[in-house]
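Commentary on secondary and tertiary structure
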Amino acid sequence: MLNSEIIPVVLTTDKKFIPYTCVTLYSIAYNSNADKKYEVIIFYDDEIDLNNQIKFDSIINQFSNFKLRFINIKKYFENYCLKSNLEHVSNATFYRYVIPDVLPEYDKVVYLDTDLVVNADVSELFEYDLGNNYFAACCDNILRQQISLAKAEITGYMQFYEYFKKLGFENVMDDYFNAGVLVFNSKLMREDNLSQKMLENAQNNNYKNSGQDPMNICSKDKVKFIPLNWNTMTWEPVEGSLKFLSQKYYNEYMDAIKNPKIVHYAAYVKPWFYNDSFLSEYFWKYAR
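Notes on the structure in this doc start here. (Residues numbered from 1 in each chain as written. Predicted model: local features only at pLDDT ≥ 70, side-chain atom pairs only at ≥ 80, totals over all residues. Heavy atoms only, no water.)

Focus on the nonpolar core
Quick note on the threshold: Residues belong to a common nonpolar core when they are buried Ala, Val, Leu, Ile, Met, Phe, Trp, Tyr or Cys residues joined through side-chain atoms within 4.5 Å. Note on exposure labels: buried denotes an accessible area under 20% of the residue type's maximum, exposed denotes more than 50%, and partly exposed covers the range between, all computed with a 1.4 Å probe on protein chains only. Labels follow the DSSP assignment, with helices taken as runs of H or I lasting at least four residues and strands as runs of E lasting at least two, numbered in each case from the N terminus. Contacts: residue pairs with any heavy atoms within 4.5 Å of one another.
By size, the foremost hydrophobic cluster in this structure holds 70 residues, and its most contacted members are Val9, Leu112, Leu125 and Phe164. Considering every element that reaches this core, the biggest residue donor is helix H1 (residues 18-30), with seven residues. Beyond its immediate stretch of four places on either side in the chain, Leu125 contacts Val110, Leu112, Val181, Val183, Ile226, Trp230 and Ile262. Ile99, Leu188, Leu199 and Met215 belong to the second-largest nonpolar core, a separate cluster that totals 33 residues.

Let's talk about the sheet that holds strand S3 (residues 66-72)
This is how it is decided: Note on pairing: DSSP must find at least two bridges between two strands before they are called paired. Lines are fitted to the C-alpha atoms to define the axes, a helix being fitted only along its stretch in contact, and any angle between axes, read from their N-to-C directions, falls within 0 to 180 degrees.
Spatial strand order, S3-S2-S1-S4-S7-S6-S8: seven strands in an open sheet with mixed pairing. At either margin of the open sheet sits one strand with a lone partner, and together these are S3 and strand S8 (223-225). Averaged over all pairs of adjacent strands, the angle between strand axes in this sheet comes to 30°, irrespective of strand direction. Of the strand pairs in this sheet, strand S2 (residues 37-44) and S3 are connected by seven bridges, and their pairing is parallel. Of the residues in S3, the one forming a bridge with Glu39 is Lys67. Contacting S2 and S3, helix H2 (residues 50-60) crosses the sheet at an angle of about 160° to S3.

Considering helix H13 (residues 280-287)
We count it as follows: Taken from the helix axis, the directions to the C-beta atoms give the arc we talk about.
Residues of H13 that are buried include every one of Ser280, Phe283 and Tyr286, and no others. For H13, the angular spread of the buried residues around the axis is 130°, confining them to a single face. Looking at the buried positions of H13, the neighbouring elements they touch are H1 and strand S5 (116-118).

So this is what it looks like as structure tokens:
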């Protein structure tokens, strides 16, 4: 079968995140189209032993239209000093940077974080026409809430607005994406050497989000923004912050919640820490 007929999905993980990666993987396979073929490629740089691989295999073996592959990508980062500056985000946040180079056989790839669950067929996401853009992505709704809190002069958030203006995002509510759900235009990224540009940019340790900010900076104005329900993000205190959103952004988020194709537990409030947290019922559906 030609690669053009296969839908490639990349997940990244480390030892601590294996159980949650399994839940993400199952949700993808559960909602797939039985008439289509998928390959899930798991990037890691710690040893994932045979027992751990068997756990993933036991999930995928239930679905005849799926293949599974593991790739240790440690060698791609040997010349870089990269470290996440967020406590709830591991260094695996950088693994996605090298997808185009690690997988030269694919011109287009779906990337998903592993603190999320998928409620739709990922082939729908894969089918977006990227044109001359590097990524298809959703606006960062957590950031929208944080900026709204800053504009309301809420203590603790005032610095957000100025920070993103300095990075060059004058309209950060609409031109900054969350990097947890992405469609990669891998062919164009290889042509423009974007992976190396992002890695070099990420050497700057002054970012608020060391994994995501470099991706946004290096791809600015070359992103196709897609509906928010493809990356329906949760954030606490969600009820307190949503009221500060403009009517437009509030309605957009409420529409996403009604039909979340992907639920992304993007902040520090994860269902496995807080089992009745916002939208956690979607996680437990697949975990059980």
